[in-house]
Amino acid sequence: MHPSSNYDRCLTETEADDIATAISNGIDVDLFPDKVSPDQSSYWDIEYHGTYKILKNTQDTINTQYLLYQCGLSMPFNETELTQFDSVFSVPYAGGLVVTATTQIPNVEILGRRGQIAAFAVTENLVSSPCLSQVLIPE
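Residues numbered from 1 in each chain as written. Predicted model: local features only at pLDDT ≥ 70, side-chain atom pairs only at ≥ 80, totals over all residues. Heavy atoms only, no water.

Looking at the state of the cysteines
Right, so step 1: Taken as a whole and assessed by the stated rule, the structure comprises one disulfide.
Right, so step 2: Each disulfide pairs two cysteine sulfurs, and for Cys10 the partner residue is Cys71, the sulfurs being separated by 1.6 Å. What sets the handedness of the Cys10 and Cys71 disulfide is the S-S torsion sign, and at about 60 degrees it is right-handed. With Cys10 in the segment before α1 (13-24) and Cys71 in the loop between β3 (64-70) and α2 (79-82), this pair connects stretches of sequence that are 61 residues apart. (Disulfide = S-S within 2.5 Å. Helix = DSSP H or I, 4+ residues; strand = E, 2+ residues; numbered from the N terminus.)

Spelled out as structure tokens, the structure:
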């Protein structure tokens, strides 16, 4: 029942049912055993809550928070409670990536997510990545 690392996919219906049953029986569930913390960075914090996590941008002028819940499970909050969050995402997010600046491309490529780019909001001729250029501008 306890994963040894975070899921890299949505849960199956059977897995989601098993987790819901475990929770209803009072069993602690931790779907995010690989945790991150802001040890060497600033202006953010994260709270883990078994099947979801809350990511906070703590910079004074921004101060936003995001609900990230395990894909395949039901939303952990009702509509009224959701108003406390600036955005809500199921994770891992499987909808694709949008590149809005060429400076984002190296990070996407380093993470091995080039294939998940779904849209570009930049001019194709500004892309210097040879691999990505072949995808954007076929011969």
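After presenting the structure, the write-up continues.
Observations regarding the pairing of strand β2 (residues 52-57)
Right, so step 1: Two strands pair when backbone bridges link them, and strand β1 (residues 44-48) and β2 are joined in this way by five bridges, in the antiparallel orientation. Within the sheet, the bridge partner assigned to Ile46 lies in β2 and is Leu55.
Right, so step 2: Between the end of β1 and the start of β2, which pair antiparallel, lie three residues, with Gly50 showing a positive phi angle near 75 degrees.
Right, so step 3: Pairing analysis gives six bridges linking β2 to β3, with the strands arranged antiparallel. Bridge pairing in β3 places Lys56 opposite Gln65.
Right, so step 4: Where β2 hands over to β3, the hairpin turn is made up of six residues, of which Asn63 adopts a positive phi near 45 degrees. (Pairing = 2+ DSSP bridges.)

Quick word on α1
Note on helix geometry: an α-helix contains 3.6 residues per turn, so any two residues three or four positions apart are oriented the same way.
Right, so step 1: Counted at 1.5 Å a residue, the expected span for α1 with its 12 residues is 16 Å, and the 16 Å between its end C-alpha atoms agrees.
Right, so step 2: Along α1, the residues that are buried comprise Ala16, Ile19 and Ala22. The arc enclosing the buried residues of α1, seen along the axis, measures out at 125 degrees, which places them on a common side. Exposed and oriented more than 90 degrees from the buried face of α1 are Glu13, Thr14 and Ser24.
Right, so step 3: Positive phi appears at Gly26, one or two residues downstream of α1, with a value of about 80 degrees. (Expected span 1.5 Å × (residues − 1). Buried < 20%, exposed > 50% of the residue type's maximum accessible area, 1.4 Å probe, protein only. Arc of directions from axis to C-beta.)

Remarks on the nonpolar core
Right, so step 1: Counting 10 residues, the largest nonpolar core is built from Leu11, Ala16, Ile19, Ala22, Val29, Leu31, Phe32, Leu68, Leu73 and Val91.
Right, so step 2: Top element by residues in this core is α1. It accounts for three residues. (Core = buried A, V, L, I, M, F, W, Y, C linked by side-chain atoms within 4.5 Å.)

By themselves, these are just geometric observations and shouldn't be taken as functional.
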